[in-house]
Amino acid sequence: VIVTPLNSSKVAAGVDIGGTKIAVGLVDLQGEILAQRSFPTEAALGFERGVRRIVAAIDECLAELGRSREYLEGIGVGCAGPVHPKRGTIDNPYTLPTWDGVDIVTPLRTTFDRPAVLENDADSAAVGEAYFGAGRGARSIVMLTFGTGVGSGILIDGRIYRGAAGTHPELGHLPFDPAGPECYCGVRGCLESLASGTAISAAGKAAGFGDARGVFAALKSGDEQARGIVARALSAVQIAAWTIQHSLLPERIILGGGIIDEHYNLFADVVRKAVESATLNPRGCTDVQQARLRNRAGIVGAAQCLRIAQ
Ligand SMILES: [Zn+2]
């Protein structure tokens, strides 16, 4: 006799908050999104407005499934960092203007009378991959996401590694080049300032390629300057992978994010090179994989963060 847990017919809401877009979805126990909505973040128009729109989107998704709020297990939020998971606060004036020290967990918890959790979006994407994607079967995982910024998530036995005060280490801001571009993190030439989509776009604009897409197109046609921009980014990625290998020695390194969706092989090659050249570590102990959840990672990962927190 298979006993179905009481809550298995319920769904968890996953909320993915980024600088430009908020995506909300209802996720079942298999990691499938049953209904979803998305809308522009427009952070500068105010935090309360943002919360109201998130609540309305969850209600709309429930209505689409013909269900009431009773059907909801709770709400997991993945947000572009910095965030404070223990306090439930978003502290991100960098990409969410005016959203600094705002508590997102309390209004969601009280509105729906259900548990709510907040995590950094790179951590929640890594949780999604660990349970439903490229991380399955690995005990220790480091995920790097290359998009607007460079995010990182460290997971051990399916749990998020916490730093001091329960917060999130930032591998994306490991420094490489003291003469590199200045970053809001406070150093010059960190991984994000050299290898994020924003960094490659900025270098591309300065060189007349327009943006990151232009840089990669020029690289394909053999342009030397484009090759230089990409080589600089990849060299930072390679040293980052070497650093991660020697400090954390994960079983699996997962690469994801918008830049990886289109240029996985370029990035995976240098990460593999770094991993394989780490002579002090056992051979073949770390593999490199591409993230599989793609644009579902934010919602699915955030919903799963709620479930592993319970
Ligand atoms: Zn930085």
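Whatever comes next refers back to the structure up there.
Residues numbered from 1 in each chain as written. Predicted model: local features only at pLDDT ≥ 70, side-chain atom pairs only at ≥ 80, totals over all residues. Heavy atoms only, no water.

Points about the pairing of strand E8 (residues 116-120)
Part 1 of the argument: Burial analysis of E8 places 5 of its 5 residues in the buried class, the great majority of the element.
Part 2 of the argument: Note that strand E4 (residues 72-79) and E8 share 5 bridges and pair parallel. Bridge pairing in E8 links Ile75 to Ala116. (Buried < 20%, exposed > 50% of the residue type's maximum accessible area, 1.4 Å probe, protein only. Helix = DSSP H or I, 4+ residues; strand = E, 2+ residues; numbered from the N terminus. Pairing = 2+ DSSP bridges.)

Re the nonpolar core
Part 1 of the argument: Ranked by size, the top nonpolar core spans 38 residues in total, and within it Phe146, Val237, Leu255, Phe267 and Val271 carry the most contacts.
Part 2 of the argument: Listing elements by their share of this core, those giving two or more residues are strand E9 (140-146), strand E10 (150-156), helix H4 (191-195), helix H5 (197-206), helix H6 (212-220), helix H7 (224-247), strand E12 (252-256) and helix H8 (258-276).
Part 3 of the argument: With 10 residues, the top contributor of residues to this core is H7.
Part 4 of the argument: Beyond its immediate sequence surroundings of up to four residues, Leu255 is in contact with Leu144, Phe146, Ile260, Tyr264, Phe267, Ala268, Val271, Val288, Gln289, Gln290 and Ala291.
Part 5 of the argument: With 34 residues, the next largest nonpolar core counts Val24, Ala43, Val55 and Val77 among its residues. (Core = buried A, V, L, I, M, F, W, Y, C linked by side-chain atoms within 4.5 Å. Contact = heavy atoms within 4.5 Å.)

Considering the coordination of the zinc ion
Part 1 of the argument: Listed as protein donors to the zinc ion are His173 (ND1), Cys183 (SG), Cys185 (SG) and Cys190 (SG); their distances from the metal cover 2.0 to 2.4 Å.
Part 2 of the argument: Taking relative accessible area as the criterion, Cys183 reaches 10% and is therefore assigned buried. (Donors = N, O, S within 2.8 Å, 3.2 Å for Na, K, Ca; no water.)

Observations concerning H6
Part 1 of the argument: Considered for burial, the residues of H6 that qualify are Ala212, Gly214, Val215, Phe216 and Ala218.
Part 2 of the argument: On its buried side, H6 packs onto H5, H7 and H8.
Part 3 of the argument: With a side-chain oxygen positioned 3.2 Å from the backbone nitrogen of Arg213, the residue opening H6 is Asp211.
Part 4 of the argument: The positive-phi residue at the C-terminal boundary of H6 is Gly222, with phi of around 85°. (Polar contact = N/O pair within 3.5 Å; in protein donor to acceptor, adjacent residues only side chain to side chain.)

Considering the sheet that holds E8
Part 1 of the argument: Taking strand neighbours across the sheet as the criterion, the 5 strands line up as E3-E2-E1-E4-E8 in an open arrangement whose pairing is mixed. Single-partner strands in this sheet number two, and they are strand E3 (33-40) and E8. On average, adjacent strands in this sheet sit at an angle of 15° to one another, irrespective of strand direction.
Part 2 of the argument: One ladder, built from 7 bridges, connects strand E2 (residues 21-27) with E3; its direction is antiparallel. When the sheet's bridge partners are listed, Ile22 is paired in E3 with Phe39. (Axes fitted to C-alpha atoms, helices over the stretch in contact; angles between N-to-C directions.)

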